[in-house]
Amino acid sequence: MSLSSTAIEPLRFREALGHYASGITVIASRREDEPIGFTCQSFYSVSTSPPLVSFSVMSSSYSYPKIRQAGRFSVNILSDDQVKISNQFARQGADKWSEVEWQESPLGNPIIAGSLHWLDCEIHAEHAAGDHLIVIGEVKALNLQKAAARQPLLYFKGQYRNLTAVPPAG
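The residue count restarts for each chain, going from 1 along the sequence in the order it is written. Whole-chain, interface and lining totals are the exception, using all residues; otherwise, since this is a predicted model, local features are given only for residues with pLDDT of at least 70 and side-chain atom pairs are given and counted only at 80 or more. Side-chain figures throughout are based on the complete set of non-hydrogen atoms in the structure, without hydrogens or water.

**Quick notes on the sheet that holds strand E6 (residues 72-77)**
Note on sheets: strands pair through backbone hydrogen bonds, and any given pair is parallel or antiparallel.
Part 1 of the argument: DSSP-based pairing: two strands are paired if at least 2 bridges between them are found. Per the convention used, a helix needs a DSSP run of H or I reaching at least four residues, while a strand needs a run of E reaching at least two, with both numbered from the N terminus. An order of E3-E2-E6-E9-E10-E5-E4 is seen for the seven strands of this open sheet, with the pairing classed as antiparallel. Edge positions in the open sheet fall to strand E3 (34-40) and strand E4 (43-48), since each of these has one partner strand only. Taking each pair of neighbouring strands and ignoring which way they run, the sheet shows an average axis angle of 35 degrees.
Part 2 of the argument: Inspection of the sheet shows E6 paired to strand E9 (residues 117-129) by six bridges, in the antiparallel sense. Counted as the bridge partner of Ile77 is His117 from E9.
Part 3 of the argument: Each of strand E2 (25-31) and E3 is contacted by helix H3 (residues 83-90), which is oriented at about 105 degrees to E3, the strand it contacts most. For every element, the axis is a line fit to its C-alpha atoms; helices are fit only across the contacting stretch, and the angle between N-to-C directions ranges from 0 to 180 degrees. The contact definition used throughout considers only heavy atoms, calling two residues in contact when any of these lie within 4.5 Å.

Here you go:
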């Protein structure tokens, strides 16, 4: 098999990666009492010791420079009934926090009501990667909500999805 010297088309690349299901989060912070946030599906764990997580954000992001200045952020892991919140935080320029109920985390970051779980982080490192930044955060606090019947909000093939309960084998 030989590799073509033709560059991979961005839309085709995006379509291929769309076949990988991912959870949806809102990365949030506060700077000068202003809540800041954006929808992010490129979130993952990095290390358990120390507890590190990571997300990727476009280098041209309007929100992230403010989060960088704050030096901290929360990760709100959205539940399957928070599609409206995901869409609201994916837009630029709108009042993303309009009609969003939230409270302050131990580090002072916004925790969105109804999220499955949240993590409270300090920025640990940042790396340039193409047209994105890879941000690594050290988890300083977390909360696992006790809502067993709730499911995560997922994104797959360009659409929001949710898990279907599958009975255990055997």
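Once you've had a look at it, read on.
**Here's the deal with the pairing of E4**
Part 1 of the argument: Pairing geometry for E4 and strand E5 (residues 51-58), over five bridges, is antiparallel. Of the residues in E5, the one forming a bridge with Phe43 is Phe55.
Part 2 of the argument: Between E4 and the antiparallel strand that follows it, E5, lie two residues.

**Quick notes on the environment of Ile85**
Part 1 of the argument: Assignment of secondary structure puts Ile85 in helix H3.
Part 2 of the argument: With 15 residues separating them in the primary sequence, Ile85 and Val100 have C-alpha atoms 7.7 Å apart.
Part 3 of the argument: Setting aside its immediate chain neighbours within four residues, Ile85 contacts Val26, Thr39, Leu78 and Ile112.

**So, H3**
Part 1 of the argument: Note on classification: 1.4 Å probe, protein chains only; a residue is buried when its accessible area is under 20% of the maximum for its type, exposed when over 50%, partly exposed between these limits. Those residues of H3 not exposed but buried are Ile85, Ser86, Gln88 and Phe89. Along the axis of H3, the buried residues cluster in a sector spanning 165 degrees; they form a single face. Turned more than 90 degrees away from the buried face of H3 sit Lys84 and Ala90, all of them exposed.
Part 2 of the argument: Those residues of H3 that are buried lie in contact with E2, E3, strand E8 (110-112) and strand E12 (159-161). Here the arc refers to the set of directions running from the helix axis out to each C-beta atom.

**Overview of the side chain of Ser63**
Part 1 of the argument: By secondary structure assignment, the location of Ser63 is in the loop between E5 and helix H2 (64-70).
Part 2 of the argument: With a relative accessible area of 8%, Ser63 lands in the buried category.
Part 3 of the argument: At 3.5 Å, the side chain of Ser63 and the side chain of Lys96 are in polar contact.
Part 4 of the argument: For Ser63, the contacting residues outside a window of four places in its chain are Ile36, Gly37, Phe38 and Lys96. Whenever a nitrogen or oxygen atom comes within 3.5 Å of another N or O atom, the pair is scored as a polar contact, on the condition that within protein one atom can donate a hydrogen and the other can accept it, and that pairs from neighbouring residues in sequence are kept only if both atoms are in side chains.

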